[in-house]
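Working through the structure, step by step
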Amino acid sequence: MKKSVKTVLPVFLFILLLAALWELLTTVFEVPHYIVPRLSDVLASLWENRLLLGRHFVLTLGEALLGLGLSVLFGVSIAIWMERFNLAKRTLYPLIMASQTIPIIALSPIMVMWFGYGVWSKISVVILFTFFPIAVNTSDGFRTADPGIGELMRTMGASKRDLFLKWKIPSALPGFFTGFKLAATISVGGAALGEWLGGESGLGVYTKRASNMLRGEAVFSGVLLLSLMGILLFLAVRWLESKVLAKRGSSDEKEM
Amino acid sequence: MSENRTRIVSDQAPRALTVSGLSYSFAGGPVLFDKLDFSVQAGEFVALLAPSGAGKTTLFRLLAGLVKPDAGEIRLGGSSESQSPGQKRRIGYMPQRDCLMSWRNVLDNAALGLELSGVPRQEARRRVRELLPSFGLEGTEQKRPHELSGGMRQRVSFLRSLLSGGDPLLLDEPFSALDAMTRASMQEWLLQIWEQHRKTVLFITHDVDEALLLSDRVLVAATSPISSLQQVAVGLQRPRDYSAVLEPSFIQLKRQILEQLGRTPVIKEGAGQ
């Protein structure tokens, strides 16, 4: 416990310092509120609109979570498929790697075209953002499985199923979580972008409208909440990772 | 004293492993084995001594059935009566690296072989627990591999191979990655364990001292490609301990083997990994 205080304290103090500087500099130099609003104004705006912001927050979070969940499902499925079938891997893996270079933001309007202005276009943009890191990292996790363990298991008469469940899956878990953590952070951006492209509610819509109206303190409060959401999702996945990777010594097969 | 018997194994004793006419070469690469014959008797501890890079590990992979020979036959167990289909006989393989699963504790790592042959988990764990004390692993049941020393990891790996029930046990330079002090104590420990279990062992090494200290018989691979093995019976009495390396007969045998190897300096390099 003491150790965690020691690691958190410097960061916390630094954030306080930045906050103080923010307030001080915007006040001293009389920065216009539509360039950088004063921190106290942002916090006041947050508090004033707490109910409205809360609703937007929950909606955006829901889109991010649902998209993230579906990405995990699709990403892991395709990684497993590539692992089981060599042809699938040779066909798909290069394509998936190459697709990383496509600017996903440019593709996002297509999702709106296909799925309309409802919640599904936002979820599909989230999937577009988060699918690749999960698929690629899980697939890499499978590839880095220690071949020595596989050979040893074969000399012990292991079946294909044994090899997959007791060797490949546990070996791929760290890679999967690397991708999952990355995806969790960018899922919020995907959801917000989906909302910008056309939507009625959500923090993305809120910040966009506030920006159109040059209400700096409202824009910044929306951005603060979106950042907070990203951090929370990342921390949640990291917590899950620490739970799974710490106790997998005795329970890896039970989860199957 | 000078009974450096270079004898052929008598045919009466039950064989644990028979290799006949084994040939293997890497695809498009050098020939490693050319019509190689040798056998290991049941209950015998045989060391296979070869300079680094001679294909020792490939030989183990052949014996373990991980790669197929170009020609020849590898038979496990006694004569042909064990060739009943469906009931495949297996060797117990202990790889050079310990290959422990980082996500499993000591108990479940050691139980892997039992688990794969269908022994219920509780029963498998019980059998591992029984043997932990004599492997110097008492109290480490819940530890993960990264919490163990190199010597302890090798002991877990050995226990796993022993419990997998395969016969003979193939040990592929298991101590080559350990420091000299740990290696010496592991060799003594292996001698003790072997006295208790008397399993058939084929031990690959490039260390003459290790081969002589541990085995009943040393097979020396001095040619390349390996087409025959020179046999040296080690007449040292059992049970042995590390002091055996100081005995005159040990020195004598060592000199003989070094001569057979043409005193190639390669032996002294530990570059077998």
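Residues numbered from 1 in each chain as written. Chains lettered and ligands numbered in written order. Predicted model: local features only at pLDDT ≥ 70, side-chain atom pairs only at ≥ 80, totals over all residues. Heavy atoms only, no water.

Notes on the overall build of chain A
Our working rule: Secondary structure elements are defined from DSSP: runs of H or I of at least 4 residues count as helices, runs of E of at least 2 residues count as strands, and each element is numbered from the N terminus. Residue burial is assigned from relative accessible area. The probe radius is 1.4 Å, only protein chains are included, and a residue is buried under 20% of its type maximum, exposed over 50%, and partly exposed in between. The contact criterion used is simple: two residues touch if any of their non-hydrogen atoms lie within 4.5 Å. Here, Shrake-Rupley sampling with a 1.4 Å probe gives the accessible areas, and only protein chains in the shown set may cover a residue. The sign given to each residue is positive for Lys and Arg and negative for Asp and Glu; His and the chain ends receive no count. By convention, the point assigned to a charge is CZ for Arg, NZ for Lys, CD for Glu and CG for Asp.
Each helix and strand counted, chain A has 10 helices and zero strands in total. Put simply, chain A runs from its N terminus to its C terminus through helices and strands in the order α-α-α-α-α-α-α-α-α-α. On the principal axes, the C-alpha backbone points of chain A span a range of 75 × 55 × 30 Å. Residues classed as buried in chain A amount to 45% of the 256 residues present. A separation of at least 24 residues holds for 72% of the contacts in chain A among residues at least 6 apart in sequence. Of the roughly 14100 Å² of accessible surface on chain A, a fraction of 72% belongs to carbon and sulfur atoms. Seen as two clouds, the 25 positive and the 17 negative side-chain charges of chain A have centres 6 Å apart.

A look at the interface of chain A and chain B
Counted only if it meets this: Two parts placed together each lose some accessible area under a 1.4 Å probe, and the buried area is that loss summed for both. Whenever a carboxyl oxygen of Asp or Glu lies within 4 Å of a side-chain nitrogen of Lys or Arg, that contact is scored as a salt bridge. Each residue is assigned to one class: nonpolar for Ala, Val, Leu, Ile, Met, Phe, Trp, Tyr, Cys and Pro, charged for Asp, Glu, Lys and Arg, and polar for all the others, Gly among them.
Across the boundary between the two partners, chain A contributes 22 residues, which contact 25 residues of chain B. Taken together, the two surfaces of chain A and chain B that pack against each other cover about 2000 Å², and 57% of this comes from carbon and sulfur. Of all residues in chain A, Leu152(A), Thr155(A) and Met156(A) give up the largest surface area on contact with chain B, accounting jointly for 33% of the area buried on that side. On inspection of chain A and its partner chain B, the count reaches three salt bridges. Residues Glu151(A) and Arg61(B) are paired through a salt bridge, measuring 2.3 Å at the closest nitrogen-oxygen approach. Secondary-structure elements contributing two or more residues to the side of chain A that touches chain B are helix H7 (147-155), helix H8 (160-196) and helix H10 (216-251) of chain A. If one sorts the elements of the side of chain A that touches chain B by residue count, H7(A) sits on top with seven residues. In terms of residue class, the side of chain A that touches chain B is made up of eight nonpolar, six polar and eight charged.

Side note on the UniProt feature "domain: ABC transmembrane type-1" (unreviewed entry) in chain A
The criterion, for reference: UniProt positions are given in the numbering used here, feature names are shortened, and annotations may be inferred rather than shown by experiment.
With numbering matched to this structure, UniProt assigns "domain: ABC transmembrane type-1" (unreviewed entry) to residues 57-241 of chain A. Taken end to end, residues 57-241 of chain A has its terminal C-alpha atoms 25 Å apart, with 87% of it in helix and 0% in strand.

Notes on unusual backbone geometry
The step from Asp167(B) to Pro168(B) runs through a cis peptide bond, and the omega angle for that step is -5 degrees. With respect to the helices and strands, the residue Pro168(B) is situated in the loop between helix H5 (150-163) and strand E6 (169-172). Look at Leu214(A): it is not a glycine, yet its phi comes out positive at around 55 degrees. Along the polypeptide, Leu214(A) turns up in the loop between helix H9 (203-212) and H10. For Leu214(A), a relative accessible area of 51% gives the class exposed. The phi dihedral of Arg198(B) is positive, around 50 degrees, even though this residue is not glycine. Turning to its location among the elements, Arg198(B) is positioned in the loop between helix H6 (180-197) and strand E7 (201-205). A relative accessible area of 42% places Arg198(B) in the partly exposed class.

So, the pairing of E6(B)
Residues and elements named next belong to chain B. Rules: Two strands pair if DSSP finds at least two bridges between them. By convention a crossover is right-handed if, when the strands point away from the viewer, the path from the first strand over the helix to the second runs clockwise.
What you see with E6 is no split at all: Leu169 and Leu171 on one side and Leu170 and Asp172 on the other are buried throughout. Sheet topology places strand E5 (residues 92-94) next to E6; three bridges connect them, and they run parallel. Paired with Gly92 across the strands is Leu169, a residue of E6. Both E6 and E7 contribute to a ladder of four bridges, which runs parallel. By the bridge assignment for E7, Leu171 is matched with Phe203. After leaving E6, the chain enters H6 and then returns to the sheet as E7, a path that is right-handed.

Quick notes on the nonpolar core
Quick note on the threshold: In this description, a nonpolar core means a group of buried Ala, Val, Leu, Ile, Met, Phe, Trp, Tyr and Cys residues linked to one another through side-chain atoms lying within 4.5 Å. Segment limits for the domains were obtained from an automatic or database-derived domain assignment.
Grouped together as the largest cluster of nonpolar side chains are 51 residues, with contacts concentrated most on Phe135(B), Phe158(B), Leu159(B), Leu190(B), Val218(B) and Ile257(B). Tallying contributions element by element places H6(B) first for this core, with six residues. Lining this core are residues from two domains, each supplying at least three of them: domain 1 (15-91 + 167-267) and domain 2 (101-165) of chain B. Ignoring any residue separated from it by four or fewer positions in sequence, one finds Phe158(B) in contact with Met94(B), Phe135(B), Leu169(B), Leu171(B), Trp189(B), Leu190(B) and Ile193(B). Judged by nonpolar contacts, the second largest core, of 42 residues, contains Ile149(A), Leu32(B), Phe38(B) and Met101(B).

Here's the deal with the domain arrangement of chain B
All names here are of chain B. Selection rule: Here a polar contact is taken to be a pair of N or O atoms separated by no more than 3.5 Å, where protein atoms must pair a possible hydrogen donor with a possible acceptor and residues adjacent in sequence count only if both atoms sit in side chains.
Domain assignment breaks chain B into domain 1 (15-91 + 167-267) and domain 2 (101-165). Using C-alpha coordinates to define each centre, domain 1 is positioned 25 Å away from domain 2. Contact between domain 1 and domain 2 buries roughly 1200 Å² in total, counting both sides, with carbon and sulfur atoms accounting for 71%. Counting across the domain 1 and domain 2 interface gives zero salt bridges. Seen at the junction of domain 1 and domain 2, the total is two residue pairs in polar contact (both at pLDDT 80 or more).

Observations concerning the sheet that holds E5(B)
Residues and elements named next belong to chain B. Put simply, the rule is: Geometry is summarised by axes, namely lines fitted to C-alpha atoms with helices restricted to the contacting stretch, and by angles between N-to-C directions that run from 0 to 180 degrees.
The strand order across the open sheet formed by six strands is E5-E6-E7-E3-E8-E9, and the pairing between neighbours is mixed. Every interior strand has two partners, whereas the edge strands, E5 and strand E9 (230-233), have only one. Between one strand axis and the next, the sheet turns through 20 degrees on average, direction left out of account. Running at roughly 170 degrees to E5, H5 makes contact with E5 and E6 of the sheet. Here helix H8 (residues 248-260) sits on the sheet in contact with strand E3 (45-49), strand E8 (217-220) and E9, set at roughly 175 degrees to E9.

Some details on helix H2 (residues 39-48) of chain A
Residues and elements named next belong to chain A. Heads up, the rule is: Each direction from the helix axis to a C-beta atom contributes to the arc, which is the arc of those directions.
Buried within H2 we find Leu39, Val42, Ser45 and Leu46. Mapping the buried residues of H2 onto a view down its axis gives an arc of 125 degrees, with all of them on the same face. For H2, exposure combined with an orientation more than 90 degrees from the buried face picks out Trp47 and Glu48.

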